[in-house]
Amino acid sequence: MPSSPSVLFARLTAKARLKHLQLLVHIGDLHNLKGAAAAVGMSQPAATHALAELESLLGVALFERHSRGMRPTTTGKALLPAVRDAMRSMQECADAVATAQAGASALVKVGAIGAGISGVLVRVLPAFSERHPEVVVEVAQIEAEDLLEDWDRRSLDLLLCRQPAHCPSDSAFLAVASDRYCVVGRPTHALAGRRGVSSDQLAACTWLMQPPRSIASRDFYRLWEGAEMNPQQRWVNGRSLLLLLAMLQQQELLAFLPYNSVRQLIENGLLAEIDAALLSALPPIGLLYRPADLESNPPARGLADAIAAVGDLSAPGPVG
């Protein structure tokens, strides 16, 4: 007869150790017991014993061996996300203690899309940190596709994103910066500095494409629908701003991006905006927050107020 959840929980709290959970995560990631054992500082026999002990506590196999290593069973697949969350929570506990020991009295966790970091946070955080040296601001760049999932986990105090189609019932959204698309290349690009670059000239260029799931990639293809043009493309999937900069500076490429994603690079002369006709508006970037949570979290409320009070952060109009 299967054990009840309360019985299994009692067994885990009485006999399971954090090392067990840590080992599970590494086996799930590496699909290899030897590598997982090394990652948690255990010998392979000790890891084998620890896994068997945990499976005995639960009364079910969590991994099965195959010719190239180990893969999770159906139960293992169901268990791994919860174990990862538990280990993440333990890491957050350690971070909080380390932060307090270093003299900080508060931690504010901010999630942001790339355009939210480049277009908003870089203009707010330097002054905020100078005024509040006791507050640690932890910024995590989050992909647009994962925003609301991360927000629902309640692991973030504030979220800088585009205005969602459906705002969660416990949350509010404050628009901070308008945005638009722009075309960028290196300052020495053949089209840099020209006025009124035509679609034919753009179609003759090679384009550095964004990841397929990004809104920029989607909207780039929409621009050319129905046109007898097929611009050459270069693919380096990833959202690293430094990698993007290196690719554009070292090669004669163009990129189609939200202005706020590359605002700092343009304003500092590292990239040039092309005077192109492919410009269109985007949903604004703003602050997603939970009003009830901010009432009990003065540091997060202070940062939210700083973002709201910074003034007009709107992206400037088209070049030219």
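All of these numbers come straight from a predicted model, not from anything done at the bench.

**What to know about the overall build of the protein**
Part 1 of the reasoning: Looking only at helices and strands, the protein features 13 helices and eleven strands.
Part 2 of the reasoning: Nonlocal contacts in the protein, meaning residues at least 24 apart in sequence, comprise 75% of its contacts between residues at least 6 apart.
Part 3 of the reasoning: Roughly 16,800 Å² of accessible area belongs to the protein as shown, and the carbon and sulfur atoms make up 54% of that amount.

**Some words on the pairing of strand β5 (residues 158–162)**
Part 1 of the reasoning: Burial of β5 is extensive: five of the five residues sit out of reach of the surface.
Part 2 of the reasoning: Bridge count for strand β3 (residues 106–112) against β5 is three bridges, and the pairing is parallel. Across the sheet, the residue bridging to alanine 112 is leucine 160, located in β5.
Part 3 of the reasoning: For β5 and strand β11 (residues 281–289), the ladder comprises four bridges, and the chain directions are antiparallel. Counted as the bridge partner of cysteine 161 is glycine 286 from β11.

**Looking at the pattern of salt bridges**
Part 1 of the reasoning: Within the structure shown, the criterion is met by 15 salt bridges.
Part 2 of the reasoning: Close ionic contact of arginine 186 with glutamate 252 constitutes a salt bridge, the shortest N to O distance being 3.0 Å. Within this pair, whereas arginine 186 is found in the loop between β6 (172–185) and α8 (199–203), its partner glutamate 252 is found in the loop between α10 (241–250) and β9 (253–258), the two being separated by 66 residues in sequence.
Part 3 of the reasoning: Arginine 186 sits in the buried class, given a relative accessible area of 19%.
Part 4 of the reasoning: Arginine 222 is the salt-bridge partner of aspartate 219, the closest N and O atoms lying 3.5 Å from each other. Here aspartate 219 pairs with arginine 222, and both are found in helix α9 (residues 215–224), just three residues apart, close to one helical turn.

**Some points on the side chain of aspartate 179**
Part 1 of the reasoning: One can find aspartate 179 in strand β6.
Part 2 of the reasoning: Judged by relative accessible area, aspartate 179 falls into the buried class, the value being 4%.

**Overview of the packing of helix α2 (residues 18–30) against helix α4 (residues 44–58)**
When two helices pack together, their arrangement is captured by the angle between the axes and the distance separating the axes.
Part 1 of the reasoning: For the pair α2 and α4, interaxial distance at closest approach is 10 Å and the crossing angle is 105°. Our classification of the angle between α2 and α4 gives roughly perpendicular. Contacts between α2 and α4 involve His20, Leu23, Leu24 and Ile27 from the former and Ala47, Ala50, Leu51, Glu53 and Leu54 from the latter.
Part 2 of the reasoning: Class assignment of the residues belonging to the contact of α2 with α4 gives a composition of seven nonpolar, one polar and one charged.

**Quick notes on the packing of helix α1 (residues 5–15) against α4**
Part 1 of the reasoning: For the pair α1 and α4, interaxial distance at closest approach is 9 Å and the crossing angle is 150°. Considered as vectors, α1 and α4 are oriented roughly antiparallel to each other. Across from Leu8, Arg11, Leu12 and Lys15 in α1, the residues of α4 making contact are Leu54, Leu57 and Leu58.
Part 2 of the reasoning: In the contact of α1 with α4, the residues fall into five nonpolar, no polar and two charged.

**Observations concerning the packing of aromatic side chains**
Part 1 of the reasoning: Summed over the entire model, instances satisfying the criterion amount to four aromatic pairs.
Part 2 of the reasoning: For the pair tryptophan 207 and phenylalanine 220, a centre-to-centre distance of 5.0 Å together with 50° between the ring planes defines the contact as tilted. One end of the pair, tryptophan 207, is in strand β7 (residues 206–209); the other, phenylalanine 220, is in helix α9, with 13 residues separating them in the sequence.
Part 3 of the reasoning: Ring centres of phenylalanine 220 and tyrosine 221 lie 6.0 Å apart, and the angle between their planes is 70°; this geometry places the pair in the edge-to-face category.
Part 4 of the reasoning: Linked through ring pairs, Tyr181, Trp207, Phe220, Tyr221 and Phe256 together constitute an aromatic cluster.

**A few points about the pairing of β3**
Residues in a regular strand point their side chains to alternate faces of the sheet.
Part 1 of the reasoning: For β3, the buried fraction is high: six of the seven residues fall into the buried class.
Part 2 of the reasoning: Regarding the hand of the β-α-β motif, the stretch spanning β3, helix α6 (residues 114–131) and strand β4 (residues 135–141) is right-handed.

**What to know about α9**
Part 1 of the reasoning: Looking only at α9, the buried set comprises Ala216, Ser217, Asp219, Phe220 and Trp224.
Part 2 of the reasoning: As for α9, its buried residues are in contact with β6, α8, β7, β8 (232–235), β9 and β11.

**Points about the environment of alanine 277**
Part 1 of the reasoning: Mapped onto the elements, alanine 277 comes out in the loop between β10 (272–274) and β11.
Part 2 of the reasoning: For the pair alanine 277 and serine 199, spaced 78 residues apart in sequence, the C-alpha to C-alpha distance is 7.1 Å.

**Focus: α2**
Three or four residues apart is the spacing at which side chains of an α-helix point the same way, because the helix has 3.6 residues per turn.
Part 1 of the reasoning: If you check α2, its first and last C-alpha atoms are 18 Å apart, about what 13 residues at 1.5 Å a residue would give, namely 18 Å.
Part 2 of the reasoning: Buried residues of α2: His20, Leu21, Leu23, Leu24, Val25, Ile27 and Gly28, and no others.
Part 3 of the reasoning: A positive phi of about 55° marks histidine 31, the residue just after α2.

**Observations concerning the nonpolar core**
Part 1 of the reasoning: Counting 32 residues, the largest nonpolar core has Val120, Leu158, Leu159, Leu303 and Ile307 as its most contacted members.
Part 2 of the reasoning: Those elements that provide at least two residues to this core are β3, α6, α7 (147–152), β5, β6, β11 and α13 (298–308).
Part 3 of the reasoning: With six residues, the top contributor of residues to this core is α6.
Part 4 of the reasoning: The next biggest cluster of nonpolar side chains, apart from the first, holds 20 residues, and it includes Leu24, Ala37, Ala50 and Phe63.

Here is what the cut-offs are and how they apply
- Residues numbered from 1 in each chain as written.
- Predicted model: local features only at pLDDT ≥ 70, side-chain atom pairs only at ≥ 80, totals over all residues.
- Heavy atoms only, no water.
- Helix = DSSP H or I, 4+ residues; strand = E, 2+ residues; numbered from the N terminus.
- Contact = heavy atoms within 4.5 Å.
- Areas by Shrake-Rupley, 256 points an atom, 1.4 Å probe, with all protein chains shown as cover.
- Buried < 20%, exposed > 50% of the residue type's maximum accessible area, 1.4 Å probe, protein only.
- Pairing = 2+ DSSP bridges.
- Salt bridge = Lys/Arg side-chain N within 4 Å of Asp/Glu carboxyl O.
- Axes fitted to C-alpha atoms, helices over the stretch in contact; angles between N-to-C directions.
- Parallel < 35°, antiparallel > 145°, perpendicular 65-115°, else oblique.
- Nonpolar A, V, L, I, M, F, W, Y, C, P; charged D, E, K, R; others polar.
- Phe/Tyr/Trp six-rings, centres within 6.5 Å; stacked < 30°, edge-to-face > 60°.
- Right-handed = clockwise from strand over helix to strand, strands pointing away.
- Expected span 1.5 Å × (residues − 1).
- Core = buried A, V, L, I, M, F, W, Y, C linked by side-chain atoms within 4.5 Å.

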